[in-house]
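Inside the fold
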Amino acid sequence: MQKYNKIINNVFSKNININYDIKTYICGLNFTIVKILTKDFTDKLSKILTKEKKILISGHFNPDGDSLGGSLGLFHVLKKAGFDVSVMMPSDLPGFMKWLPGTENIFLYDKNTSLQAINKADIIFYVDFNDESRTEYAAEDLKKSKAVKVMLDHHPQPSEAIDFIFSDTEMSSASEIVFRFIEMMNLKKYLDKDTATCIFTGIMTDTLNFSVNSSRPETFEVISELLKFGINKDEIYDKVNNNFSLKRLKLIGYLLYEKMQIVPEVNFSYMMISKKELKEFNFQDGDHEGIVNMPLSVSDVKISLIAIENDDFIKISLRSKGNYDVNKLSRKYFNGGGHKNAAGGRIYKSYAKTEEYIVTSVKAFFS
Ligand code: 5GP
Ligand code: MN
């Protein structure tokens, strides 16, 4: 046992310190580490994952399509297979995701009422995040839980505190990982149209409608399998992308025309939105998602940032093209992280001082 633990530590530290983008690796209950999802891993997990156990699935704070689609996909399959399973989100769903099949089963984390559900869980699945801190207010309770923790994710640098990790940064989405997990756990027979819709939505949203992170043929093998359940791909696209308010469209017009700034030396575009503007345009959680991508349609813009004033901090959202690594930028300057081409973070400064900080940081990082 000691010997294996040592190997794990070596592999982890080697990956984390030397090679920033960790490839697939999985560890099980701190004594197994393998490079792909093997029978050994699934056998060990199958022994623990039994019908009398209470299972909890959690997405991340401000859940996106991937976290929701992956969590609900896994929920549907486990439920149909006869498991005692519930699903929690640390904060509310964005409006354009509320139509997903099964959202009525989700409970939102509340510090007064959710502790019991967390403490009762024997097994907790984390979908689409690499560290418990990404669940924000739920993190403390989740960290304290004695449950066996299983992470299904595709972000770099997964936390070592998790018992079973199935993480691959090359995968399009956590939802693709969920599909492969279902397959390897022999649960594929419980897939149905609702599950397929959830998983498809997760993959579609995280790849920005198959425009990024979707060049691996395996991703389309999964899509092909999902389409066989009779899901309506065009309807899903429509529900996700054409389901916003008129006010959001007007906000986009205002931001692009009045607010967007360009820093040509570093191919950088940014937009700042104050609390007053948010109120004026009735801005909803998740609305920034499509907006931050828009400046990237300009050929010379390689990095796009949107800064949204919150009560206690400024929320940062970043997108980029090619080799401009906004995950590293956000880790260094914006207390955040994410993927190479899509990341987020926070600035704990006044709104007035934030703009200069952003421009200085991006110039320093990319010059
Ligand atoms: P978004 O801009 O949509 O909020 O987030 C884009 C990506 O960055 C997502 O993959 C998300 O998980 C990650 N991300 C967003 N905010 C944070 C944050 O505060 N910390 C970390 N580590 N990742 C974040
Ligand atoms: Mn994701």
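To start, this report covers the structure provided alongside it. Computed from a prediction, not measured in an experiment: that's the story for all the values here.

1. Structural notes on the site of ligand 1
Neighbouring residues of ligand 1: 15 residues in total, closest R134, H155, K315, S317 and R319. Taking R319, its side chain carries an N or O atom lying 3.0 Å from an oxygen atom of ligand 1. Here an oxygen atom of ligand 1 sits 3.5 Å away from a polar atom, N or O, in the side chain of H339. Within the complex, 83% of the 490 Å² of free accessible area of ligand 1 lies under protein. Only α12 (288-291), β12 (314-320), β13 (337-338) and β14 (342-347) provide two or more residues apiece to the shell around ligand 1. Take the shell around ligand 1: its biggest share by element is four residues, from β14.

2. Observations regarding the coordination of the manganese ion (ligand 2)
Listed as protein donors to the manganese ion (ligand 2) are D66 (OD), D128 (OD), H154 (NE2) and D206 (OD); their distances from the metal cover 2.1 to 2.4 Å. All donor residues of the manganese ion (ligand 2) come from one chain, and their arrangement in sequence is D-x61-D-x25-H-x51-D. Here D66 is found in helix α3 (residues 65-80), whereas its partner D128 is found in the loop between β6 (123-127) and α5 (139-144), with 62 residues between them in sequence. Of the residues examined, D128 reaches a relative accessible area of 2% and is grouped as buried.

3. What to know about the packing of aromatic side chains
Counting across every chain of the model gives 13 aromatic pairs. Their ring planes at 45 degrees and their centres at 5.0 Å tell us that Y126 and F129 sit as a pair that is tilted. F129 carries the same exposure label as Y126, and that label is buried. With a centroid separation of 4.9 Å and an interplanar angle of 85 degrees, the aromatic rings of F365 and F366 are classed as edge-to-face. Each member of the aromatic cluster is reached from another via a ring pair, and the members are Y324, Y333, F365 and F366. We note R248 situated over the ring of F244; from NZ or CZ to the ring centre the distance is 3.7 Å. The ring of F313 has R346 sitting right over it, with the charged end atom 4.0 Å from the ring centre.

Criteria and cut-off values
- Residues numbered from 1 in each chain as written.
- Chains lettered and ligands numbered in written order.
- Predicted model: local features only at pLDDT ≥ 70, side-chain atom pairs only at ≥ 80, totals over all residues.
- Heavy atoms only, no water.
- Near = heavy atom within 4 Å.
- Polar contact = N/O pair within 3.5 Å; in protein donor to acceptor, adjacent residues only side chain to side chain.
- Areas by Shrake-Rupley, 256 points an atom, 1.4 Å probe, with all protein chains shown as cover.
- Helix = DSSP H or I, 4+ residues; strand = E, 2+ residues; numbered from the N terminus.
- Donors = N, O, S within 2.8 Å, 3.2 Å for Na, K, Ca; no water.
- Buried < 20%, exposed > 50% of the residue type's maximum accessible area, 1.4 Å probe, protein only.
- Phe/Tyr/Trp six-rings, centres within 6.5 Å; stacked < 30°, edge-to-face > 60°.
- Lys NZ or Arg CZ within 6 Å of the ring centre and 35° of its normal.

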